[in-house]
Amino acid sequence: MTEEEILKLEIESIKGLDINIYKEILELRKFEIENFWKRTLFFWGTIAIVLAGYFKADINDKYLVFISFLGIIYNTIFSLSIRGSKYWQEHWETMAVVYENTLKFSLLKRRTSKIIDNNNKSSFITYPYRFSVSKLTMLLSDITVLLWIMFWLKDLYKLYINKLVHFEFCCKNEFHPFTFSLILFHLIIGTYIYIFFKNGKVFHKVNKNKT
């Protein structure tokens, strides 16, 4: 038995099944879509400020590498956050479709592409296509992550060729404060992220009672 069939049986077992439950599901779907764009605007606003500060800073500033590394982390969190929003949106869309099958009508699952094609008078430039706006936003966020990675690698390379970092300090028994702080900063952030993802319950899990 598939997951959809199990879910449908659970819905059919609910007493007093009516259209109000379906409406509530649509409201929850709408709520998740609104939250998706609110989170997107918040993150993009902050990223724009960080990018502006990065480009306005002195290109030879050795501390730029800290900003670019934090940019990677922040933008990665943004990408994961909007994927979380997309998941819950599709969760409620799936619930709505299952309820439609139970209530014997179609709304979300109805295909209108042929009707749009037959009635659309737009030119090739303005013709509507069924792109996922949320997934395009994910693509844009991922590209920005790659951009930050390029900045970070560029900053590390400039520090190395300008002899501002000395990764061989452990072999020569020489202490370089900036190199030490740079490595320590990356280790602390990286370790915390690892611990957070391992123990922070980032993924939502449903506890199933064993029978």
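It should be emphasised that the depicted structure is a prediction, and the values quoted were computed from it without experimental measurement.

1. So, the overall build of the protein
Reasoning step 1: Scanning the protein for helices and strands turns up seven helices and zero strands.
Reasoning step 2: In sequence order, the secondary structure elements of the protein are arranged as α-α-α-α-α-α-α.
Reasoning step 3: Counting the 211 residues in the protein, one finds 24% classified as buried.
Reasoning step 4: When the accessible surface of the protein is summed, it comes to about 15600 Å², and 65% of that surface belongs to carbon and sulfur atoms.

2. Observations concerning the nonpolar core
Reasoning step 1: If you look at the biggest cluster of nonpolar residues, it comprises twelve residues: Phe 36, Phe 43, Ile 47, Leu 51, Tyr 54, Leu 64, Ile 72, Phe 78, Ile 82, Met 138, Trp 148 and Phe 151.
Reasoning step 2: Residue assignment for this core shows that the elements contributing at least two residues are α2 (19-56), α3 (64-103) and α5 (133-161).
Reasoning step 3: With five residues, α2 is the largest single contributor of residues to this core.
Reasoning step 4: Not counting the four nearest positions on each side in its chain, Phe 78 is found in contact with Thr 40, Phe 43, Trp 44, Ile 47 and Ser 141.

3. A closer look at the packing of aromatic side chains
Reasoning step 1: Within this structure, the stated rule accounts for 19 aromatic pairs.
Reasoning step 2: Measuring from centroid to centroid gives 5.0 Å for Phe 66 and Phe 185, while their planes differ by 70 degrees, and the two rings are edge-to-face. Residue Phe 66 is found in helix α3, and its partner Phe 185 is found in helix α7 (residues 177-199); the two are separated by 119 residues along the sequence.
Reasoning step 3: Judged by relative accessible area, which is 15%, Phe 66 ranks as buried.
Reasoning step 4: Pairing Tyr 87 with Trp 88 gives two aromatic rings, centres 5.0 Å apart and planes at 85 degrees, and the pair type is edge-to-face.
Reasoning step 5: Pairwise contacts between aromatic rings join Tyr 63, Phe 66, Phe 69, Trp 152, Phe 178 and Phe 185 into one cluster.
Reasoning step 6: It is Lys 62 that lies over the ring of Phe 178; its NZ or CZ is 4.7 Å from the centre.

How each quantity is defined
Residues numbered from 1 in each chain as written. Predicted model: local features only at pLDDT ≥ 70, side-chain atom pairs only at ≥ 80, totals over all residues. Heavy atoms only, no water. Helix = DSSP H or I, 4+ residues; strand = E, 2+ residues; numbered from the N terminus. Buried < 20%, exposed > 50% of the residue type's maximum accessible area, 1.4 Å probe, protein only. Areas by Shrake-Rupley, 256 points an atom, 1.4 Å probe, with all protein chains shown as cover. Core = buried A, V, L, I, M, F, W, Y, C linked by side-chain atoms within 4.5 Å. Contact = heavy atoms within 4.5 Å. Phe/Tyr/Trp six-rings, centres within 6.5 Å; stacked < 30°, edge-to-face > 60°. Lys NZ or Arg CZ within 6 Å of the ring centre and 35° of its normal.

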